[in-house]
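Spelled out, the chains give:
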Amino acid sequence: MLSRLCLLLACLLPVGAAAGAEQALRVLVLDDAPPLSYRDESGQLTGFNVEIVRAICREIQASCQFEVTTQGAVVDAIAQGKADIAGVGLQQTAERQGKLIFAKAHYRSQSLWLAPRGVQPGQPGLRVAVVGGSEQESYARRQGWATLAVDTHGELAAPLLARQVQAAMVPMVSALHLHKSPAVRQLDLVPLVMRIPELAGDLAFGISPRRPALKEEIDAALDRIKRNGTYDRINSRFLPFRVS
Amino acid sequence: MSVLIKQRGFYASRAFALLAAIFLVIFGTAVVLLALDQQRVIDANSRLQAQTVPEIIRYQRLARNLEQLRQEGERIFAVNSHASRQQSMFVVTLIASHPSILEHPGATQLARETEQFLGEVVRQSIRDDSRPATFYGEWQRLAARLGTQVDDVSIQGVDLVTSDLNVATEAMRLARYKLMGVLLLFGLFLLAFVVLVRRHLIKPLQAIDRALSNLSVVQPAPEFLPTAMREIQAVEEAIREQHALLIQNDQARHVLEKLANKDGLTGLMNRRHFMQIAEVELQRAQRYRRPVTVAMADLDYFKKLNDTYGHAAGDLVLKTFADLVREALRQSDLVCRYGGEEFAFLFPEIPPGDAAKLAERLRLRCAETEVALPDGRAVKVTVSIGLADASECPIEIALKHADEALYDAKHRGRNTIVLAGGVAEGSQASSEPYNARLF
């Protein structure tokens, strides 16, 4: 009888130990999309999205492992279960909603048309720089515009400076960073806010469809960091105004 | 036998069960109402947590962006670098078109004005770096409007909390009034319960207790105030019946006692009872040294009368003599049928001489009385009496002396009174023989 009891306790102990341990989550992030997601001087991943994910991980007591990917690969990687969370602000399109679960939106964005004065969207003969896999690329292709897709947000400046493109269509925050570059400012690009519904609105992290329970945890954690000031501190650290 | 009074009333068990049910219904309703108020507070709190707080945060961020807009505008006027102005203008453009601004009509209008104004300033600065200073006065007015808008947006956020708190406060106030009402109701119910229990149970039970304590044949039938409780009515009725039964039993006891103490034919005391009472009376007289006299009487020639006229005539003579005794003697005198035609007497408070006068009166009445028989004939009968002083000896001895005097009276010719120790004055010892007159 005593030996059976010991066996039962031995079986239960690892379960109890596992219950108290942090869950491990794999998070996909970009490393060349400042100020949302990039590597700092020491090579550490940081940025608005990265730090928000870190804060959420602390809230849900999860151990988050970051894996770098590109904008074009992130949705499929999450949909295939290669990672648990997409630490990238994703627009909630119908196509994406069929592939992954969206957390509660954590910021609102819009798209900018950056071009020299007088160059308007849809103008014939233009070539537009976009980030591959982004909503801006999808929209440009639907419009039949000639595009030059780059892999990362950090690569957008190069085609502009090389005059390979006449305009760039970028998310608001990327445009902000792009405009900080003196070389780009020399181009005297005029920002135009694109009042197109599919190019503006709420952006959220993606969650693997294999981890549906994570949504509730992440949403609650997001609410908490918005209330306790963590979110605003991160916002102020990386962005010049409130983006939620 | 008491009269069964049918009273209308309620069973206490049902009445108090009904009271408890009413109590439960009212208190249940009150508790539900209080629970509803609590739910309103919980709802208001939940709304505060789930909707209002996020909305307040949204207002705060809007205010922060408006403030940022103002700061970027100040920067455009403060810096000399065109690049810096462009950078600030870029931020102004982004803020002015950000959804957080666009969803607030007042902020949208002001942000658009600001964007247009600052855009013009930046354009002018390209042509002439000193131009922005000419716009600064206008900018200050615009910046003041932005500051006011920041304040308004902040207050709007705070107002949302005030609204929810007012709902919660109102619900709590209402709940407090209801709670006070419930407490008052509880107090009234408790008071009503105590009053009803006291009036319909305790007081009737106290009355029942008093009635049971005083229940006796010498007391009148217990009277109870009208009561509504049937159980109490039943107990009261049982007590009334018990009292009636006590009286019946007492009456029966009296009848039996009389039957046991009296002679069946004459209605006088029987010998046993006479001896008990005479013993007591004699002791009393001797204790207080009071005079007392006993006597023995015997109807003369009674056996012969029985043989001649029959036992029925003899019985009639005995009854007639008993009647004469009752008429001739005092109320306080004791007399019994001692056996056959023999009678015993006790005369309290008088010495033998006075008693002899009473005995003489009896003897004369007897001798004068004619007894009419059912067959039409009539007979007369005489009596011989012997008296003795009983003030200094036991009753048995005194009666023995009286019996000896009686024997002496018989010996002297009957129809005579003899006092132990001498013939009584006025006696008829010399009268002619009794039997000559009898027939």
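Residues numbered from 1 in each chain as written. Chains lettered and ligands numbered in written order. Predicted model: local features only at pLDDT ≥ 70, side-chain atom pairs only at ≥ 80, totals over all residues. Heavy atoms only, no water.

### Comments concerning the packing of aromatic side chains
At step 1: Within this structure, the stated rule accounts for 18 aromatic pairs over all chains.
At step 2: Each ring, one from F117(B) and one from W139(B), has its centre 6.3 Å from the other, and the planes form 10 degrees; the classification is stacked. Residue F117(B) is located in helix α4 (residues 105-127), and its partner W139(B) is located in helix α5 (residues 136-213); the two are separated by 22 residues in the primary sequence.
At step 3: On the basis of relative accessible area, W139(B) is assigned to the buried category, the value being 0%.
At step 4: Note that K226(A) overlies the ring of Y231(A), its terminal NZ or CZ placed 5.5 Å from the centroid.
At step 5: Here the guanidinium or amino end of R414(B) rests over the ring plane of Y301(B), the centre of that ring lying 4.4 Å away. (Phe/Tyr/Trp six-rings, centres within 6.5 Å; stacked < 30°, edge-to-face > 60°. Helix = DSSP H or I, 4+ residues; strand = E, 2+ residues; numbered from the N terminus. Buried < 20%, exposed > 50% of the residue type's maximum accessible area, 1.4 Å probe, protein only. Lys NZ or Arg CZ within 6 Å of the ring centre and 35° of its normal.)

### Considerations on the domain arrangement of chain B
At step 1: As assigned here, chain B comprises domain 1 (12-193) and domain 2 (262-438).
At step 2: Taking the mean C-alpha position of each, domain 1 of chain B and domain 2 of chain B sit 128 Å from one another. (Domains from an automatic or database assignment.)

### Here we look at helix α9 (residues 311-328) of chain B
At step 1: With 18 residues, α9(B) extends 25 Å between its outermost C-alpha atoms, agreeing within 8% with the 26 Å of an ideal straight helix rising 1.5 Å per residue.
At step 2: Among all positions of α9(B), only A313(B), G314(B), V317(B), L318(B), F321(B), A322(B), L324(B), V325(B) and A328(B) are buried. (Expected span 1.5 Å × (residues − 1).)

### Observations regarding the interface of chain A and chain B
At step 1: The interface of chain A with chain B comprises 25 residues on the first partner and 24 residues on the second.
At step 2: Here chain A meets chain B over a buried area of about 2,300 Å², counting both sides, of which 54% is carbon and sulfur.
At step 3: The largest contributions to the chain A side of the interface with chain B come from R108(A), R227(A) and R242(A), which together make up 28% of the buried area.
At step 4: The shortest N-O distance in the salt bridge between R61(B) and D232(A) comes to 2.9 Å.
At step 5: The set of elements that each furnish at least two residues to the side of chain A that touches chain B consists of β8 (107-109), β9 (111-116), α7 (172-180), β13 (189-193), α9 (213-227) and α10 (230-238) of chain A.
At step 6: Ranked by the residues each element gives to the side of chain A that touches chain B, the list is headed by α7(A), at five residues. (Contact = heavy atoms within 4.5 Å. Buried area = accessible area lost by both parts, 1.4 Å probe. Salt bridge = Lys/Arg side-chain N within 4 Å of Asp/Glu carboxyl O.)

### Some thoughts on the domain arrangement of chain A
All names here are of chain A.
At step 1: Looking at chain A, the domain boundaries give domain 1 (22-108 + 201-238) and domain 2 (111-199).
At step 2: Between the C-alpha centres of domain 1 and domain 2 the distance comes to 25 Å.
At step 3: At the junction of the two partners, domain 1 supplies 14 residues and domain 2 supplies 17 residues.
At step 4: At the boundary of domain 1 with domain 2, total buried surface from both sides reaches about 1,100 Å², with 58% on carbon and sulfur atoms.

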